[in-house]
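# Close look at the chain arrangement
The residues making up each chain are set out below.
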Amino acid sequence: MDLNRLKERFVSLYGNGNNKPSVFFAPGRVNLIGEHTDYNGGYVFPCALQYGTYLIARKNTDGIIRMASMNFPGELAVPSSKPLEKQGDHWFNYPLGVLDQFVKKGFVLHGMEMLFAGDIPNGSGLSSSASIEVVTAFTVNEFLSADLDLIELIKMSQEAEHAFAGVNCGIMDQFAVGMGEKNHAVFLNCHTLEYKLVPVLLPGYCLIVANTNKKRGLADSKYNERVAECNEAVNLMKLHFGIDRLGEMSFMQFFKFQDSIADPVIRKRARHVISENQRVLNAVSCLLKSDLIGFGALMNASHESLRDNYEVTGKELDTLVDEAQQINGTLGARMTGAGFGGCTVNLVKESAIEEFMEKVGKGYRKRIGLEATFYKGEISDGVRKIQ
Ligand code: GLA
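The notes below deal with the structure included here. Bear in mind that the values here come from a model prediction, so they are computed numbers and not experimental data. Throughout this description, residue numbers start from 1 for each chain and increase along the sequence as written. Only residues with pLDDT of at least 70 are given local features in this predicted model, and only at 80 or more are side-chain atom pairs given and counted; all residues enter the totals for whole chains, interfaces and linings. Water and hydrogen atoms play no part in the side-chain values, which are based on all heavy atoms of the structure.

As a further point, take the packing of helix 8 (residues 264-288) against helix 9 (residues 292-308). Orientation is described by lines fitted to C-alpha atoms, with helices fitted over the stretch in contact, and by angles between N-to-C directions that extend from 0 to 180 degrees. Numbering of helices and strands runs from the N terminus; a helix is a DSSP stretch of H or I covering at least four residues, while a strand is a stretch of E covering at least two. Across the interface, helix 8 lies against helix 9 with an axial gap of 9 Å and an inter-helix angle of 170°. Considering the angle they form, helix 8 stands roughly antiparallel to helix 9. Along the contact surface, helix 8 presents K268, H272, S275, E276, R279, N282, A283, C286 and L287, while helix 9 presents L292, G294, F295, L298, A301, S302, S305, L306 and D308. Polar here means any residue other than Ala, Val, Leu, Ile, Met, Phe, Trp, Tyr, Cys and Pro, which are nonpolar, and Asp, Glu, Lys and Arg, which are charged; Gly is therefore polar. In the contact of helix 8 with helix 9, the residues fall into eight nonpolar, six polar and four charged. Angular relationships are summarised with four words: roughly parallel below 35 degrees, roughly antiparallel beyond 145, roughly perpendicular across 65 to 115, and oblique for the angles in between. Working rule for contacts: check all heavy atoms of both residues, and any pair within 4.5 Å makes them a contact.

Laid out in C-alpha cells, this is it:
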C-alpha cells in the first residue's frame, strides 16, 4: 500500500488540520479448516493475511464524523451527537455499526475524519468486512480513550456485522483479524473464546489462495439460512442431550441419534458441523506433529463435506478445488470462508507453485470461463497501529 498516496488523499479530502493523522491496519484472514463451525460454538483454525484494510484517521473538533474510501465512491458526514443509522447496503455500515457499538456501551462519540483503503479483493471471502470493522474498533478505542480490551473490540465488531450488515456471522473472522500473529494460526474454541496460537511451519510447502472471481450474489441470505438450519438441528438434538449448540456434540453422539432428525437436509447440515469440528482437532494435531499429508487430507475432506452436506460450494469453487487436487504437489485444497464463491486455500509444494497456477488457471478457465487469481498467503500479524 502506498501510504503517501493515502496521506495525500486524506489531506485533499479533509485538509491539513491541526494534528497529524494516524495510520492503523487490520488484516484479512484465510481459514485453514473449521468452516461454518463458529456460530455453532465449534472450533476454527484461521490465520491473518498480509492483505488488509488501512485506516488513516484523525480526531476533529467540529463534531462531525466523516468517512471515505479509496476503494469505493461516496463520502459520508454525520453528526457525532445524533443516533447513527444504517445506510442501505453501503460499505459505510461496517464502520457505522462499530461506532454504534461504542454508543451502546455508553461512550460519547466526537468528530473524526477517516479514510479507508483496502487491498483485499472484495467479495473474495477473505474477510474484508471484518478487517474494516476491527480496524475501526481499534482506532475509535484509541480516539475515545475507551480502554477496551481487544476481545471486547472483536465482539463489538461481530455485533456490528449482525446489526448493521444483517449477517448473523460467527466470531471467527473478527477474532482472526484481531488476534492473528505472524506465522501462526489461531486455534479457537468459538464457544468459550479460549484460543491458542499454533505455529504454522510448512517446510517446502506454502499456502496458495485462489480466487474464483465469482461474485457472491445471494451469499448473505444463504448464510443466514444455514444458521437457521443449524438451530433447527439443535432443537431436535436437545431432546436427547442438554445442548445449546451443535459444537457441543461428539461425532459418536450424533451418529447414535442422527435419525431423530427426520429432515435429510437438516441432518446433512448437522453432519457437516459435527464432522468438521472433529476435523479441526485432527488438523491441529497433524500440524503439531508436522504431518502435512494428514493435514492436506483433512482439508480435502472438509471441502467434500462443505460441498455434499453443507451445500455452500457451487461449481466455481468445486472446479477450482478439483483442478488443484489434480496437481502432483498439492496436499490439500478446500474452499475458505462462507462459500458460494470467493476463494479456496491450497497446501502446495513450493517447487510446484508455477505449475499449480498455470494448470489450475487453465483448467478453471476452460471449464468455467472465468479467470482465477492466485495469491501466496503469508501469515501475518493482527490489527495494529502503523504510524
Ligand atoms: C463467514 C463468517 C464467519 C464464518 C465463515 C464460515 O466468513 O463471517 O463467521 O461463519 O463464514 O466458516
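Back to the text.
Before going further, it helps to spend a moment on a nonpolar patch on the surface. Side chains of F251, M252 and F255 sit close together on the surface and give an oily, nonpolar patch of about 350 Å² of accessible area. As for its placement among the helices and strands, F255 is situated in helix 7 (residues 251-257). Candidates for patches are residues over 30% relative accessible area with no salt bridge; among them, like charges are joined within 9 Å and nonpolar side chains (Val, Leu, Ile, Met, Phe, Trp, Tyr) within 5 Å. The protein chains shown are the only cover counted for residues, whose accessible areas, like all others here, come from Shrake-Rupley with a 1.4 Å probe. Whenever a carboxyl oxygen of Asp or Glu lies within 4 Å of a side-chain nitrogen of Lys or Arg, that contact is scored as a salt bridge.

Side-chain atoms within 4.5 Å link the members of a nonpolar core, which is a set of buried Ala, Val, Leu, Ile, Met, Phe, Trp, Tyr and Cys residues. Relative accessibility thresholds used throughout: buried, under 20% of the residue-type maximum; exposed, over 50%; partly exposed, between the two (1.4 Å probe, protein chains only). The biggest cluster of nonpolar side chains holds 35 residues, and the ones touching the most others in it are I65, M67, L96, L99, F102, M114 and F116. Every element with two or more residues in this core is listed here: strand 1 (22-31), strand 3 (46-59), strand 4 (64-69), strand 5 (75-79), helix 2 (93-104), strand 6 (112-118), helix 3 (128-143) and helix 4 (150-165). Counting residues per element, this core draws most heavily on helix 3, which supplies seven residues. In this structure, F45, A185, V280 and F295 belong to the second largest nonpolar core, which totals 31 residues.

All right, on to helix 8 then. Each turn of an α-helix holds 3.6 residues, which means side chains three or four residues apart point in the same direction. Its 25 residues give helix 8 an end-to-end C-alpha distance of 36 Å, which sits within 8% of 36 Å, the value for a rise of 1.5 Å per residue. For this analysis, a polar contact is any N or O atom pair within 3.5 Å, provided that within protein one partner can donate a hydrogen and the other can accept it, and provided that sequence-adjacent residues contribute only side-chain to side-chain pairs. Two or three places before V265, at the opening of helix 8, D263 has a side-chain oxygen 2.8 Å from that residue's backbone nitrogen. A positive backbone phi angle near 55° is found at S290, which sits one or two residues after helix 8. Expected span, for any helix, means 1.5 Å times one less than how many residues it has.

Its boundaries defined by the atoms lining it, the largest pocket holds a volume of some 1100 Å³. Lining the largest pocket are 48 residues, and of these Y94, S128, S129, R216 and D220 sit closest to its centre. Within the residue set of the lining of the largest pocket, elements represented by two or more residues are helix 2, strand 6, helix 3, helix 4, helix 5 (172-179) and helix 6 (219-237). Broken down by class, the residue content of the lining of the largest pocket amounts to 18 nonpolar, 19 polar and 11 charged. Using only the protein atoms, space was sampled on a 1 Å grid; points where a 1.4 Å probe fits but cannot get out form cavities, open sets with protein on both sides within 12 Å along at least five of seven lines form pockets, and lining residues are those with an atom within 4 Å of a point. Grid points are joined across faces, edges and corners, and a volume is the space filled by probe spheres set on the points.

The first and last C-alpha atoms of helix 9 sit 24 Å apart over 17 residues, in line with the 24 Å expected at 1.5 Å per residue. When helix 9 is considered as a whole, its buried residues turn out to be L292, G294, F295, G296, L298, M299, S302, H303, S305 and L306. Tucked inside the fold, the buried residues of helix 9 contact strand 9 (205-211), helix 8, helix 10 (315-325), strand 10 (330-336) and strand 11 (343-349). With a side-chain oxygen positioned 3.4 Å from the backbone nitrogen of I293, the residue opening helix 9 is D291.

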